[in-house]
Amino acid sequence: MKMTAARLLQSTLACALTVFSVASMANEATLPPTIKLVVPFTTGGSNDIFARALSEQLGTKLGVTVIVDNKPGAGGVVGAAEVARAKPNGGTLLFSSNSFVTRAAVDTNLPFNHRTSFTPVAMVAQGALLLVVANHTNYKSTDDLIKEAAKKQVNYATAGIGSIAHLSTELMNSMAGIQMTHIPYKGISPALTDMVGGRVEALIATPASVGGALRANQVRAIAVTTSTPSPFYPELPSMARAIPGYSVDVWWGVLGPADMPAGIVERLNKAISEVAQSPRMKEIFSKEAATPYTMSAKDFGVYMNQELDKWQKVAKERNIKLSD
């Protein structure tokens with residue numbers, strides 16, 4: 001049967017549209033030859049260690065060069081601002097952690113909007129924080145600490161105002177109906193020194209930051225912040241046992257500038273998720289008492305918004321802010 005001119009034209013247009021659509025999708029998923037992975041903190045910390053390990057395998061998997069660029073300053077704001085200003089072509093990405101949302105919860109003078117200036121790309125890993133107490137105390141559990149804080153002044157240390165440790169402890173204060181006194185320090189080392197010296201009773205911190213003091217039996221851990229026990233500290237109960245509903249995870253993830261093409265985001269998410277599950281990355285995560293934790297870019301965006309909502313509520317209720 002001969003094809004009419006109209007049907008021939010329709011068929012030709014359909015083929016052309018299909019070719020155009022495939023070409024557009026391919027262009028959307030094409031990455032620049034070099035990707036800059038911005039770490040908004042100094043070298044040596046968990047963000048830097050994880051980003052460098054990730055970049056080694058990610059470059060090979062994507063067929064591009066991935067370089068890590070440390071841009072510390074203002075609690076992660078300097079590096080994040082650089083990514084927010086970058087072209088949304090996948091060439092500049094941000095490797096960050098909880099500080100990305102906790103900073104936003106307490107700082108009203110930021111050069112970007114955490115909800116609209118970035119594209120969530122991929123979650124990489126999650127872990128627990130530890131509730132640690134001084135050896136001069138008699139606290140054996142979260143319950144012991146809460147009961148003591150309800151009767152007398154208990155000082156808790158953090159590595160700074162607005163940190164995940166600070167907000168996590170204030171969440172504890174709020175949910176347990178107590179008021180421990182915050183003693184902020186410029187870093188975890190002086191905080192631990194004062195804890196060993198008997199000037200503060202408690203703190204919440206990452207396992208890596210207090211690992212040396214724990215191994216030296218200078219302080220002791222009594223609980224984890226996650227809703228379930230950590231595989232790295234199976235002997236420690238969750239704080240939720242004493243405070244029903246309490247849950248804090250420390251996490252790491254990758255973001256890009258706003259308006260990144262869906263194809264690029266999907267390609268990056270798939271590659272990052274695969275690398276995060278590799279034996280080498282699992283080994284590196286384990287040194288920070290963390291495990292791979294992957295999700296779709298969309299789910300990561302939902303998760304981060306929930307995290308921001310959570311910490312903004314805590315900051316408002318507890319009147320925590322860095323600026324007006």
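Since the model is a prediction, treat every value here as computed from it, not as a measurement.

Here the structure, examined in full by the defined rule, presents one cavity of 30 Å³ or more. Taken as a whole, the largest cavity encloses approximately 70 Å³ of empty space. It is helix 4 (residues 99-106) that provides the largest number of residues to the lining of the largest cavity, a total of three residues. Considered class by class, the residues forming the lining of the largest cavity number seven nonpolar, five polar and one charged.

Once that is clear, we can look at the side chain of Asn70. Relative to the elements of secondary structure, Asn70 occurs in strand 2 (residues 65-70). With a relative accessible area of 18%, Asn70 lands in the buried category. Side-chain polar atoms of Asn70 contact the backbone oxygen of Phe41, separated by 3.0 Å. A distance of 2.7 Å separates a polar atom in the side chain of Asn70 from a polar atom in the side chain of Arg52. Excluding anything up to four places from it in sequence, Asn70 contacts Val39, Phe41, Thr42, Thr43, Asp48 and Arg52.

Moving on to the packing of aromatic side chains. Scanning all chains against the criterion turns up six aromatic pairs. Ring plane angle 85 degrees and centroid distance 4.8 Å describe the contact between Phe50 and Phe285, whose orientation is recorded as edge-to-face. Of this pair, Phe50 sits in helix 2 (residues 46-62) while Phe285 sits in helix 10 (residues 279-286); the two residues are 235 residues apart in sequence, bridging distant segments of the chain. An identical accessibility class is assigned to Phe50 and Phe285; each is buried.

For strand 4 (residues 118-128), the tally of buried residues reaches ten of eleven residues, placing the bulk of the element in the interior. By the bridge criterion, nine bridges tie strand 4 to strand 10 (residues 249-257) in an arrangement that is antiparallel. Considered in strand 10, the bridge of Met123 is made with Gly253. Where strand 4 lies against strand 11 (residues 290-292), three bridges are found, and the strand directions are antiparallel. Counterpart to Ala125 in the pairing with strand 11 is Pro292.

When helix 5 (residues 142-151) is considered as a whole, its buried residues turn out to be Thr142, Leu145, Ile146, Glu148 and Ala149. Along the axis of helix 5, the buried residues cluster in a sector spanning 165 degrees; they form a single face. Every exposed residue of helix 5 that faces more than 90 degrees away from the buried side is listed here: Lys147, Ala150 and Lys151. At its buried positions, helix 5 is contacted by strand 5 (130-134), helix 6 (164-176), strand 8 (202-205) and strand 9 (219-224).

Nonpolar side chains tend to gather and get buried jointly when the protein is soluble and globular. Residues Phe95, Met172, Val254, Leu268, Ile272 and Trp311 are the most contacted members of the largest nonpolar core, which totals 84 residues. Those residues in contact with Met172 that lie beyond four places of it in its chain are Leu131, Thr142, Leu145, Ile146, Gly177, Ile178, Met180, Met239, Ile243 and Tyr246. Formed by 20 residues, the second largest nonpolar core is a distinct cluster that contains Ala128, Leu130, Met195 and Leu203.

Before going further, it helps to spend a moment on the layout of surface pockets. Reported here for the largest pocket is a volume of approximately 960 Å³. Forming the boundary of the largest pocket are 34 residues, of which Phe41, Ser99, Ala159, Ser163 and Ile164 lie nearest the centre. Broken down by secondary-structure element, the contributors of at least two residues to the lining of the largest pocket are helix 2, helix 4, strand 6 (155-158), helix 6, strand 8, helix 8 (207-215) and strand 10. Looking at which element gives the most residues to the lining of the largest pocket, the answer is helix 4, with four residues.

Here we take up the packing of helix 6 against helix 11 (residues 297-317). The geometry of helix 6 relative to helix 11 is characterised by a closest axis approach of 10 Å and an angle of 70 degrees between their N-to-C directions. As the angle between them shows, helix 6 and helix 11 are arranged roughly perpendicular. Helix-helix and strand crossings are classified by hand; for helix 6 and helix 11 the assignment is left-handed. Contact residues: Ile164, Leu167, Ser168, Glu170, Leu171 and Ser174 in helix 6; Lys310, Trp311, Val314 and Glu317 in helix 11. Of the residues in the contact of helix 6 with helix 11, the class split is five nonpolar, two polar and three charged.

If the charged atoms of two oppositely charged side chains come close together, the side chains can form a pair. On inspection of all chains with the given rule, the structure shows twelve salt bridges. A salt bridge links Arg115 to Asp309; its shortest N-O distance comes to 2.6 Å. Placement of the pair is Arg115 in the loop between helix 4 and strand 4 and Asp309 in helix 11, with a sequence separation of 194 residues. In this structure, the salt-bridge partner of Arg199 is Asp194, at a minimum N-O distance of 2.9 Å. By relative accessible area, Asp194 is classed as buried at 17%. What emerges from the salt-bridge pattern is a single network uniting Lys36, Asp69, Lys71 and Glu82.

How each quantity is defined
Residues numbered from 1 in each chain as written. Predicted model: local features only at pLDDT ≥ 70, side-chain atom pairs only at ≥ 80, totals over all residues. Heavy atoms only, no water. 1 Å grid on protein atoms, 1.4 Å probe; cavity = no way out; pocket = protein on both sides within 12 Å on 5 of 7 lines; lining within 4 Å. Points joined across faces, edges and corners; volume = space filled by probe spheres on them. Helix = DSSP H or I, 4+ residues; strand = E, 2+ residues; numbered from the N terminus. Nonpolar A, V, L, I, M, F, W, Y, C, P; charged D, E, K, R; others polar. Buried < 20%, exposed > 50% of the residue type's maximum accessible area, 1.4 Å probe, protein only. Polar contact = N/O pair within 3.5 Å; in protein donor to acceptor, adjacent residues only side chain to side chain. Contact = heavy atoms within 4.5 Å. Phe/Tyr/Trp six-rings, centres within 6.5 Å; stacked < 30°, edge-to-face > 60°. Pairing = 2+ DSSP bridges. Arc of directions from axis to C-beta. Core = buried A, V, L, I, M, F, W, Y, C linked by side-chain atoms within 4.5 Å. Axes fitted to C-alpha atoms, helices over the stretch in contact; angles between N-to-C directions. Parallel < 35°, antiparallel > 145°, perpendicular 65-115°, else oblique. Left-handed = near helix turned anticlockwise from the far one by under 90°. Salt bridge = Lys/Arg side-chain N within 4 Å of Asp/Glu carboxyl O.

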